[in-house]
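Close look at the chain arrangement
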Amino acid sequence: MRIVLGVTGGIAAYKAAELARLLIRNGHEVQAVLTRSAQEFITPLTFASLTGRKVITDIFSSASPEATLSSSVEHIGVAQEHDLLLVAPATANTLAKFAHGLADDFLSTLYLAFTGPVVLAPAMNDKMWSHPATQANVEVLKARGHLMVDPGVGFLACGTLGQGRLAENEAILAAVEAALQPPLRDLTTEHILITAGPTQEPLDPVRYLTNRSSGKMGYALAQAALDRGARVTLVSGPVALKPPVGAAVIPVHTAQQMFDAVFANLADVTTVIKCAAVADYRPAAAAPEKVKKATASLNLELTPTSDILAELGRTKGNRLLIGFAAETSNLRDYATRKLEAKNCDMIVANLVGGPDSGFESDNNEVVLALKSGEFIDVPKASNTTATSA
Ligand code: CTP
């Protein structure tokens, strides 16, 4: 495939040279475009030597003699002649320009004229990355359908430890290959019911018991299922996420409400994915008034909630049933026990409690326990890459 590799001005620009080499080794043609500030960090000659093509360095430069451009307006021609636009490293400034449609150099002009898949691999100082302005731009670009290869955590050029370093070239390459795949539409006959997020079990009008869960995994699964053509019903506990467009979303708070919503919407469901972190217990009785601080200690009487997954297992029929297990140890053993006890087809077992995997994380490493007794290890990946892979 023909790939435009945009390189923007950051210390990680030197890593883009190796990336160009990897892309070529994977069978791609690479047209490098360097912004003015990228050239402060690395020379066009490096990319010209690696790609065998003249590098585009600014809005007025002329195209490579080898490149046969169908348009006399170079950025339009380059946009039309290439299959994918990759920007690595992408600076905060580039993300901002792309998000807002500014076109003041070759790369940003090309971006506006480009209609194919776009992969962005940001790299910057950790404070710049976490700044609300950058994060808002990232959200805009993701919502536009661009693939974001999030920066990794490590020592940054400024000497601090944080999130901001350019993702590994292998991860960028994997994102490029994924973005070049034609969209899979293999679930058009499926109706998938997904539960996501935590439940909240009220103690009194202002307090509740809950589980740690951001809902990110369930929402990413819903999006992936929609992308592949499935009809999706999303029964969701309280989360701070935008519901995927196209999903029928049923908001719930308690485990009982989730139970009722699942069974009321099960009619033509072909697959249930029980991603939600359902509270196993709820207060025996929720106080009608706020409980006042009267004694030194307070005992709560808890009563078990109905196990939705177990009930689904009992009344399963031909439906595919996928449960989740969040464990702090003995992952495979506990997953197998849950698989059998709840009559599931698969358990997605997740080791939680570590610093960068599990709850509220964008990264997840799971083991799939299958009915056949087989285990499939899914290495650490972002929730979105993992579900679209
Ligand atoms: N689950 C459910 N209803 C409940 C509790 C859990 O449907 N009342 C589902 C979850 O959505 C998840 C799976 O069961 O898919 C595993 O939940 P977990 O609480 O870890 O399993 P338990 O069987 O309760 O085991 P334990 O708490 O002892 O680990």
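Scoring rules and cut-offs
Residues numbered from 1 in each chain as written. Predicted model: local features only at pLDDT ≥ 70, side-chain atom pairs only at ≥ 80, totals over all residues. Heavy atoms only, no water. Near = heavy atom within 4 Å. Polar contact = N/O pair within 3.5 Å; in protein donor to acceptor, adjacent residues only side chain to side chain. Areas by Shrake-Rupley, 256 points an atom, 1.4 Å probe, with all protein chains shown as cover. Pairing = 2+ DSSP bridges. Helix = DSSP H or I, 4+ residues; strand = E, 2+ residues; numbered from the N terminus. Contact = heavy atoms within 4.5 Å. Axes fitted to C-alpha atoms, helices over the stretch in contact; angles between N-to-C directions. pLDDT = per-residue confidence, 0-100. Parallel < 35°, antiparallel > 145°, perpendicular 65-115°, else oblique. Left-handed = near helix turned anticlockwise from the far one by under 90°. Nonpolar A, V, L, I, M, F, W, Y, C, P; charged D, E, K, R; others polar.

**Here's the deal with the site of the ligand**
Close contacts around the ligand come from 14 residues, with K274, A276, L309, F324 and K338 the closest. With respect to the ligand, the backbone of A276 contributes an N or O atom lying 2.7 Å from an oxygen atom. A distance of 2.9 Å separates an oxygen atom of the ligand from a polar side-chain atom of K342. Here the ligand loses 75% of its free accessible area of 580 Å² to cover by the protein chains.

**So, the sheet that holds strand β1 (residues 2-7)**
As summarised here, the arrangement of the five strands in space is β2-β1-β3-β4-β5, forming an open sheet in which the pairing is parallel. Single-partner strands in this sheet number two, and they are β2 (29-34) and β5 (147-148). With four bridges joining them, strand β3 (residues 84-90) and strand β4 (residues 118-122) adopt parallel strand pairing. Looking across to β4, one finds that L86 is bridged to V119. Packing against the sheet, helix α5 (residues 92-100) makes contact with β3 and β4, and its axis sits at approximately 140° to β3.

**Things to note about the confidence of the model for the protein**
Per-residue confidence for the protein averages 91 on the pLDDT scale, and 91% of its residues sit at or above 70. Contacts of residues 63-72 to residues separated by more than four positions or lying in other chains number 17 contacts, the stretch itself having pLDDT below 50. In this model, residues 385-389 is a region of pLDDT below 50 whose contacts with residues beyond four sequence positions or in other chains number five contacts.

**Points about the packing of α5 against helix α8 (residues 132-143)**
Viewed as axis vectors pointing N to C, α5 and α8 meet at an angle of 50°, and their least axial separation amounts to 9 Å. Relative to α8, the element α5 lies oblique. Once α5 is placed against α8, the crossing between them reads as left-handed. Only T134, N137, V138, V140 and L141 of α8 make contact with α5, whose side of the interface consists of A92, L95, A96, F98, A99 and H100. Residue composition of the contact of α5 with α8, by class: eight nonpolar, three polar and no charged.

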